[in-house]
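Results of the structural survey
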Amino acid sequence: MGDYTNMSAYYDLIMTSGYYDYQKIVDNIVHHGEFDNVLELGCGTGLILQELVTRHPAIPKVTGIDLTSAMLNIASERLNPYPNVSLQRQNVTQFDLQSTYDLAFSYGGVWYFVVDGDNEPFMVSHLSAHEDNCRGIERVAGHVHSGGRLLLGIQGPHHDYQRPIKNGYVYSQKIEPADHGFTKHYYLTDHDETLMAQTIRYRVYPLDEALALLADNGFQFDRQTGIGSHFFEFHKT
Ligand SMILES: C[S@@+](CC[C@H](N)C(=O)[O-])C[C@H]1O[C@@H](n2cnc3c(N)ncnc32)[C@H](O)[C@@H]1O
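Throughout, residues of each chain are indexed from 1 in the direction in which the sequence is written. Owing to the predicted nature of the model, reporting of local features is limited to residues with pLDDT of at least 70; listing and counting of side-chain atom pairs is limited to 80 or more, with chain, interface and lining totals taken over all residues.

1. Examining the overall build of the chain
- Helix and strand labels come from DSSP, where a helix needs a run of H or I of at least four residues and a strand needs a run of E of at least two; each type is numbered from the N terminus. From N to C terminus, the chain includes six helices and 13 strands.
- We compute the radius of gyration over the C-alpha atoms and compare it with the globule rule, which gives 2.2 Å times the number of residues raised to the power 0.38. Here the C-alpha atoms of the chain give a radius of gyration of 17 Å, agreeing with the 18 Å that 2.2 N^0.38 yields for 237 residues.
- Principal axes of the C-alpha set define a box for the chain whose edges measure 55 × 40 × 30 Å.
- Per-residue burial for the chain yields a buried fraction of 35% across its 237 residues.
- Whether two residues are in contact depends on their C-beta atoms, placed from the backbone: they are in contact if these lie within 7 Å. The contacts of the chain with a sequence gap of at least 6 include a subset with a gap of at least 24, amounting to 66%. Between the buried cut of 20 or more and the exposed cut of 12 or fewer other C-beta atoms within 10 Å of a residue's own C-beta lies the partly exposed class, and all C-beta atoms are placed from the backbone.

So this is what it looks like as structure tokens:
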């Protein structure tokens, strides 16, 4: 189900050591058009929202939801100075914020697309059960008003590797194929000591199935304009 408790204490260290480029992610979000209110699905420790509200403090309403309390605790502290930001512990398969948004997005959060050269892109989900994906997309659709947009992040292909990050720690990841997707093991080590180990089971959707699932919930993809450098963009009918 995408629980990041084990990684939470080291998440910022790993991600800000070159795993994600938060400035470019936010450049891409704002480049996709204007919005007065925005919802991040799987906001984690709040690194994207912090970059967004630091650069655009006048956005009236900014909401982040996440499943993992330990990640949200870090996000709450980080985003405490910003009264326009609210955070909620919610599972995307069940949430109901009693509100609709101009823009919802997920980057590395619940869903994302993998683009790998000329190969057909595919969608990766932190939800391993198909029924959960149907419920989750339906819940997202209930939170984006007609004419609003959904952005789902684009990442490169996953592969096994290890590399040193800050403090002399070594981050590594290992991918194993699994039914309808893959399992990803994340590790952080300090010489012989394992500081963090986390395993997440991901579901994979071929592009046509992903676009059909999204279209069934009113999210239309335009092949000509829908693929940006960091996001696939969907318009809510
Ligand atoms: C890789 S982190 C991305 C965090 C943030 N978007 C960032 O870019 O730093 C994935 C996040 O998705 C959250 N997540 C996974 N499954 C979820 C679900 N079913 N509902 C809500 N959040 C979920 C995890 O708790 C985790 O914080």
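Next, the rest of the story.
2. Thoughts on the site of the ligand
- Only the C-beta atom, placed from the backbone, is used; a residue is near a molecule or strand if that atom lies within 6 Å of it. Taken together, 24 residues are adjacent to the ligand, and G2, G42, G44, L67 and T68 come closest.
- For the shell around the ligand, the secondary-structure elements that each account for two or more residues are α3 (47–55) and β2 (61–66).

3. A closer look at the pairing of strand β13 (residues 231–236)
- Of all six residues that make up β13, five are buried, and the element is covered over most of its length.
- Two strands pair if DSSP finds at least two bridges between them. Alignment of strand β7 (residues 144–155) against β13, held across five bridges, turns out to be antiparallel. Of the residues in β13, the one forming a bridge with G153 is F231.
- Two elements, strand β12 (residues 219–221) and β13, share three bridges in a ladder whose sense is antiparallel. The residue bridging Q220 from the neighbouring strand is H235, located in β13.

4. Side note on unusual backbone geometry
- Even without a glycine there, the phi angle at H180 is positive, about 60°.
- Summarising the element assignment, H180 is placed in the loop between β9 (170–178) and β10 (181–190).
- Note on H180: 14 C-beta atoms within 10 Å, which makes it partly exposed.

5. A short note on the nonpolar core
- Counting residues in each nonpolar core, the largest one holds 53 residues, and the members touching the most others are I48, L49, A104, V140 and L150.
- In terms of residues, this core owes the most to one element, α3, which gives five residues.
- Sequence-distant contacts of A104, defined by excluding residues within four places in its chain, comprise L39, L41, V140, H143, V144 and L150. To form a nonpolar core, buried Ala, Val, Leu, Ile, Met, Phe, Trp, Tyr and Cys residues must be joined through C-beta atoms within 7 Å.

6. Points about the environment of I154
- Within the fold, I154 resides in strand β7.
- Apart from residues lying up to four places away in sequence, I154 is in contact with Y112, F113, V115, H230, F231 and F232.

7. Some details on the pairing of strand β6 (residues 122–125)
- Of the pairings in the sheet, the one linking strand β5 (residues 111–114) to β6 comprises four bridges and is antiparallel in character. For F113, the partnering residue across the bridge sits in β6 and is M123.
- Bridging between β6 and strand β11 (residues 193–206) involves four bridges; their strand directions are antiparallel. Bridge pairing links F122 to P206 in β11.

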